[in-house]
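Breakdown of the fold
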Amino acid sequence: MARNRPKTGARTRAKKAASRPARQALVSHAKLVMITGLSGSGKITALKVFEDMGYYCVDNLPAELIPSFAGLFEDAQDNHNAAIVVDIREGSRLERLPDIISELKKRLDVTLIYLESSDRVLVRRFSETRRPHPLGGAGSVPRSIKSERRRLEPIRNIADLEIDTSKFNVHELRAHLVEMFKPGGERHRPLLVSSLSFGFKNGVPESADLVFDVRFLPNPHFIPQFRPYTGRHPQVAKYIRSFPQTQEFLQKTTELLLFLLPFYVAEGKSYLTIAFGCTGGQHRSVFLAEEVKKRLAKAGYRVKVEHRDSPR
């Protein structure tokens, strides 16, 4: 029985169509992470994290070379991933970056990470390292930071992920990035929660996102045998826990936080500080920070506990 055979042109088109999914699958596996943000925010630290995870890393790649660089590995058989730092050192060429990223995202899995930090922390870091700000010249560091923020704003607006490194030390930033981009897993945005105790007499912590005033609870400070200890001592904790208002506060606060946290995660927030304040930051706030940490960790969140004013 005779069979109709497609014409040569049809066979050629069929071959091209058949090869297309394979190429798309290859491209989809190549990842390009672009790291940008404020000078002093930890971009080089972040780049080293990706290098340790097996990414091919380049610092300060000129913007006009980024498409060519991306082309080197997007068709590679080993699906190699890459990470690059692009920042204010680009000068006027930085204005082209949004268009470059838009074009790259049509071909590659591109993630733009913007590293942020508070002015106070940035000034301190420049003071500690004694390195000049890239925009320094004859101007002050605060003035250079302000100018850099303004010039980077268009790039910040298109970032896929923004991380405030003023709330991280080097080790926490590393752990956070590894958790988000660890090999073999889908990229996700974990939220690191800090349960912080403090004393109002020393001021409210600048890093606090949510503040709970727990001075309404009975104060162990006025019981002589408890005064030398903190809220971590078993007897002090037992005393604070014994009051009905303590139990009700813990229950309602935990319910509120478990309601709020998924929304912070969905928003892409990387770090949340929940602060509990009493008068001196020794007893009530310490106990509650520890207790809330346990409850949130039990619910599956990554939580660390900090005591700003304890021990004395």
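Shown above is the structure to which this text applies.
Residues numbered from 1 in each chain as written. Predicted model: local features only at pLDDT ≥ 70, side-chain atom pairs only at ≥ 80, totals over all residues. Heavy atoms only, no water.

**Some thoughts on the sheet that holds strand S7 (residues 210-213)**
In plain terms, the rule: A pair of strands is treated as paired once DSSP finds two or more bridges between them. A helix here means a DSSP run of H or I that spans at least four residues, while a strand means a run of E at least two residues long, and both kinds are numbered starting from the N terminus. Orientation is described by axes fitted as lines to C-alpha atoms, over the contacting stretch for helices, and by angles from 0 to 180 degrees between their N-to-C directions. By definition, residues are in contact when any of their heavy atoms lie within 4.5 Å.
Across the sheet, four strands lie side by side as S7-S8-S6-S9; this open sheet has parallel pairing. Lying at the two open borders of the sheet, with one neighbouring strand each, are S7 and strand S9 (302-307). Looking at each pair of strands side by side, their axes are set apart by 20 degrees on average, direction ignored. Sheet topology note: the strand S6 (residues 192-199)/strand S8 (residues 271-278) ladder contains eight bridges and is parallel. Within S8, the residue paired with Ser-197 across the bridge is Phe-276. Lying on the sheet, helix H10 (residues 284-298) is in contact with S6, S8 and S9; it crosses S9 at an angle near 170 degrees.

**Considering the packing of helix H2 (residues 43-52) against helix H7 (residues 170-181)**
The description of two packed helices rests on the angle between their axes and on the distance between the axes. Spelled out, the test is: Our angle categories are set so that under 35 degrees counts as roughly parallel, over 145 as roughly antiparallel, 65 to 115 as roughly perpendicular, and the remainder as oblique. We call a crossing left-handed when the near helix sits turned anticlockwise from the far one by less than a right angle, and right-handed when that turn is clockwise. Residues are grouped as follows: nonpolar covers Ala, Val, Leu, Ile, Met, Phe, Trp, Tyr, Cys and Pro; charged covers Asp, Glu, Lys and Arg; every other residue, Gly included, is treated as polar.
Two numbers describe how H2 lies on H7: the axes approach to 10 Å, and their chain directions differ by 45 degrees. With respect to H7, the axis of H2 lies oblique. Both H2 and H7 take part in a crossing whose hand is right-handed. Of the residues in H7, those in contact with Thr-45, Ala-46, Val-49, Phe-50 and Asp-52 of H2 are Val-170, Leu-173, Arg-174, Leu-177, Val-178 and Phe-181. Its residues placed into classes, the contact of H2 with H7 shows eight nonpolar, one polar and two charged.

**Quick look at helix H4 (residues 97-104)**
For clarity, the cut-off: Only protein chains enter the calculation, and the probe is 1.4 Å; a residue is then buried if its accessible area is under 20% of its type maximum, exposed if over 50%, and partly exposed in between. Within this analysis, the arc is defined by the directions that extend from the helix axis to the C-beta atoms.
Restricting attention to buried positions, one finds in H4 the residues Leu-97, Ile-100, Ile-101 and Leu-104. Buried residues in H4, looked at end-on, bunch into an arc of 95 degrees, giving them a common side.

**Let's talk about the packing of aromatic side chains**
What counts here: We call Phe, Tyr and Trp rings a pair once their centres come within 6.5 Å, taking the six-membered ring for Trp, and we label the pair stacked below 30 degrees between planes, edge-to-face above 60, and tilted otherwise. Charge-over-ring placement is defined geometrically: NZ (Lys) or CZ (Arg) within 6 Å of the ring centre, and within 35 degrees of the ring normal.
Applying the stated criterion to the full structure yields eleven aromatic pairs. On the basis of an interplanar angle of 75 degrees and a centroid distance of 4.9 Å, the ring pair of Phe-168 and Tyr-271 is categorised as edge-to-face. Residue Phe-168 is located in the loop between strand S5 (161-164) and H7, and its partner Tyr-271 is located in strand S8; the two are separated by 103 residues in the primary sequence. For the pair formed by Phe-168 and Tyr-271, the shared burial category is buried. Plain terms: the ring middles of Phe-212 and Phe-276 are 5.4 Å apart, the flat faces sit at 15 degrees to each other, and that makes the pair stacked. Here Phe-276 lies in strand S8 and Phe-212 lies in strand S7, a separation of 64 residues in the sequence. Considered together, Phe-212 and Phe-276 belong to a single accessibility category, that of buried residues. Here a set of aromatic residues connected by ring pairs shows up, and it is made of Phe-212, Phe-216, Phe-249 and Phe-276. Between Arg-215 and the ring centre of Phe-200, over which it is positioned, the NZ or CZ distance is 3.8 Å.

**What to know about the pairing of strand S3 (residues 82-85)**
Here S3 shows a buried face lined by Ala-82 and Ile-84 and a second buried face lined by Ala-83 and Val-85. By the bridge criterion, four bridges tie strand S1 (residues 31-37) to S3 in an arrangement that is parallel. By the bridge assignment, Leu-32 is partnered in S3 with Ala-82. Looking at chain direction, strand S2 (residues 56-59) and S3 are connected through four bridges and run parallel. The residue of S3 that forms the bridge with Tyr-56 is Ala-82.

**Here's the deal with the packing of helix H5 (residues 119-129) against helix H6 (residues 141-156)**
Interaxial distance between H5 and H6 falls to 10 Å at its minimum, and their mutual angle equals 125 degrees. By the angle between their axes, H5 is oblique relative to H6. Classified by chirality, the crossing of H6 by H5 is right-handed. Across from Asp-119, Leu-122, Val-123 and Phe-126 in H5, the residues of H6 making contact are Val-141, Pro-142, Ile-145 and Arg-149. Partitioned by chemical class, the residues of the contact of H5 with H6 number six nonpolar, no polar and two charged.

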